[in-house]
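# Architecture at a glance
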Amino acid sequence: MNICKINIEEKDYELCLVRDSIKWLEARGISINDIDNRPVTFVDAMWTALFVKNYADKTEAECIDLLNKYKEENGDVGEVIRFGIEEYTAFLNALNGTKSKKIKKAQITKA
């Protein structure tokens, strides 16, 4: 798990994308394809998903407020979203068994 550290209004935040973050996105009907189909919705959702693990007490509205404050402070929102996309892609690749160094295989037998 990688962490993206940002500072908003002199407060540090450690953002990450974990399984629960991705499930949160999926529960809202958001997929990686939405980056092209619904870019604004995707950015807001990905930003919020990055807060799920370490800041579960924050509402979606509070997270979007932080996004807007980060923009106002000349923060690079695109960089944070790219981080989220890279983490999302790495998670999917791990599920699919691609780009992994060593894959542990299940033993499947007929009964």
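Note: the structure precedes this text.
Residues numbered from 1 in each chain as written. Predicted model: local features only at pLDDT ≥ 70, side-chain atom pairs only at ≥ 80, totals over all residues. Heavy atoms only, no water.

### Concerning the environment of Ser 21
Stated precisely, the cut-off is as follows: Strands are runs of DSSP state E lasting at least 2 residues, helices are runs of H or I lasting at least 4, and numbering of each runs from the N terminus. The criterion used for residue contact is that any of the two residues' heavy atoms lie within 4.5 Å.
Positionally, Ser 21 belongs in helix 1 (residues 19-27). Considering only alpha carbons, one finds Ser 21 and Glu 73, 52 residues apart in sequence, at a separation of 26 Å. Ignoring any residue separated from it by four or fewer positions in sequence, one finds Ser 21 in contact with Cys 16, Ala 49, Val 52 and Lys 53.

### Points about unusual backbone geometry
This is how the line gets drawn: Buried means the residue's accessible area, taken with a 1.4 Å probe over protein chains only, is under 20% of the maximum for its type, while exposed means over 50%, and partly exposed covers the values in between.
A positive phi is found at Glu 9, a non-glycine position, where the angle reads about 50 degrees. Among the structural elements, Glu 9 can be located in the loop between strand 1 (4-8) and strand 2 (11-15). For Glu 10, which is not glycine, the phi dihedral falls at a positive 65 degrees. Structurally, Glu 10 is set in the loop between strand 1 and strand 2. Since its relative accessible area comes to 78%, Glu 10 is described here as exposed.

### Observations concerning helix 5 (residues 77-96)
This is how it is decided: Any helix carries an expected span of 1.5 Å times its number of residues minus one.
Between its terminal C-alpha atoms helix 5 stretches 29 Å, which fits the 28 Å expected from 20 residues at 1.5 Å a residue. For helix 5, the secondary structure elements touched by its buried residues are strand 1, strand 2, helix 1, helix 3 (39-49) and helix 4 (60-72).

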